[in-house]
Amino acid sequence: MISIFDLKKLSGLLWDFYAITNIRITVFDENLQELISCPENIPPFCQMIRSCGEGLDACAQCDQEACRVAAKKQNTHIYQCHAGLTEAVTPLYVDDVPVGYLLFGHVFDYPSVADGWEAVRKCCRALPLDFKKLERACKERPLISRSYVLSATHILHAVASYLILEQMVTLREDRLAVRLNAYINAHYTEPLKAADLYQKLGIGKTLLYEISRQLYGTGVAAQIRKLRIDRAKALLEDERRIPLVEIAADCGFTDYNYFITVFTRETGCSPGSYRISSKAARKEG
């Protein structure tokens, strides 16, 4: 079974939530792939946190753990993220099958700005950041009360119930989608082109794009790039210290310089820096 999200309808509903709460909201699928956010861009504070490999990884791990807890509770989970901001996530179920998550975040929930910055500074002390700039970005976040957060979580839960009721996400068996997903996962490290997929699946460009958007929330090229970067990160974390040029080739990048460019753009740090930060994290662990 595959979960299919109606992103057009979802966009309108999420913007309504944002208009009421002024809190950014995101939809993840069951594999924790981000499908849509309102607004699209994260605030400057979070951009700074994710500008280093350690912060980017911590954000991903924090989201994953929060979704895991919410799924286990089968209810909304309110928590403090690794950087000291408040977030909430609620699981989405269709016929008792988990199909995704609604998450709001980046909330500066403290009694005062000074209290908030002190807590955030402690949470982020291990990150290689410019703390003067981080402080300014932190203090630009609107101060939100705990009662407001609780009210927002009630609205979040209502939004989750409504999108299920209105069938903005549905379950269906989609053989084309299954075949596409299986083929990409098996061949993403090869010189894979869209034309190969048209021929393999016997479909046209428009339908391929539609299936890809339903499956991944993005185009085929972006999904292949994500899989390659995820593989590269795993190889960079390998203690054998595989040469970067070999990692690039192993992940499907025929051009080494292009690999460096794409990895840096997607992760916020170079492959070399990512390897160093991963090694340091292992030592601390």
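One can find the structure itself at the top, above this paragraph.
1. Observations concerning the sheet that holds strand β2 (residues 24-29)
Right, so step 1: Within the open sheet, the five strands sit side by side as β3-β2-β6-β5-β4. Their pairing is antiparallel. Where the open sheet ends on each side, the last strands, each with one partner, are β3 (34-38) and β4 (77-80). Between one strand axis and the next, the sheet turns through 20° on average, direction left out of account.
Right, so step 2: Pairing geometry for β2 and strand β6 (residues 97-107), over six bridges, is antiparallel. Its bridge partner being in β6, Ile25 is matched across the sheet by Phe104.
Right, so step 3: Contacting β2, β3 and β6, helix α1 (residues 7-21) crosses the sheet at an angle of about 40° to β3.
Right, so step 4: Sheet strands touched by helix α6 (residues 146-165): β2, β4, β5 (86-94) and β6. Its angle to β5, the strand with the most contacts, is close to 20°.

2. As for α1
Right, so step 1: With 15 residues, α1 extends 21 Å between its outermost C-alpha atoms, agreeing within 8% with the 21 Å of an ideal straight helix rising 1.5 Å per residue.
Right, so step 2: Among all positions in α1, only Leu7, Leu10, Leu13, Leu14, Phe17 and Thr21 are buried. One side of α1 holds all its buried residues, which, seen down the axis, span an arc of 120°. Facing away from the buried side of α1, by more than 90 degrees, are the exposed residues Lys8 and Ala19.
Right, so step 3: Just downstream of α1, Asn22 is the residue with a positive phi angle, here 60°.

3. Considering the packing of helix α4 (residues 113-123) against helix α5 (residues 131-139)
Right, so step 1: Contact pair α4 / α5: the axes reach a minimum separation of 10 Å and the direction vectors enclose 135°. Considered as vectors, α4 and α5 are oriented oblique to each other. In the packing of α4 onto α5, the handedness of the crossing is right-handed. For the pair α4 and α5, contact is made by Val113, Trp117, Val120 and Arg121 and by Phe131, Leu134, Glu135, Cys138 and Lys139, respectively.
Right, so step 2: Here the contact of α4 with α5 is built from residues that sort into six nonpolar, no polar and three charged.

Cut-offs applied
Residues numbered from 1 in each chain as written. Predicted model: local features only at pLDDT ≥ 70, side-chain atom pairs only at ≥ 80, totals over all residues. Heavy atoms only, no water. Pairing = 2+ DSSP bridges. Helix = DSSP H or I, 4+ residues; strand = E, 2+ residues; numbered from the N terminus. Axes fitted to C-alpha atoms, helices over the stretch in contact; angles between N-to-C directions. Contact = heavy atoms within 4.5 Å. Expected span 1.5 Å × (residues − 1). Buried < 20%, exposed > 50% of the residue type's maximum accessible area, 1.4 Å probe, protein only. Arc of directions from axis to C-beta. Parallel < 35°, antiparallel > 145°, perpendicular 65-115°, else oblique. Left-handed = near helix turned anticlockwise from the far one by under 90°. Nonpolar A, V, L, I, M, F, W, Y, C, P; charged D, E, K, R; others polar.

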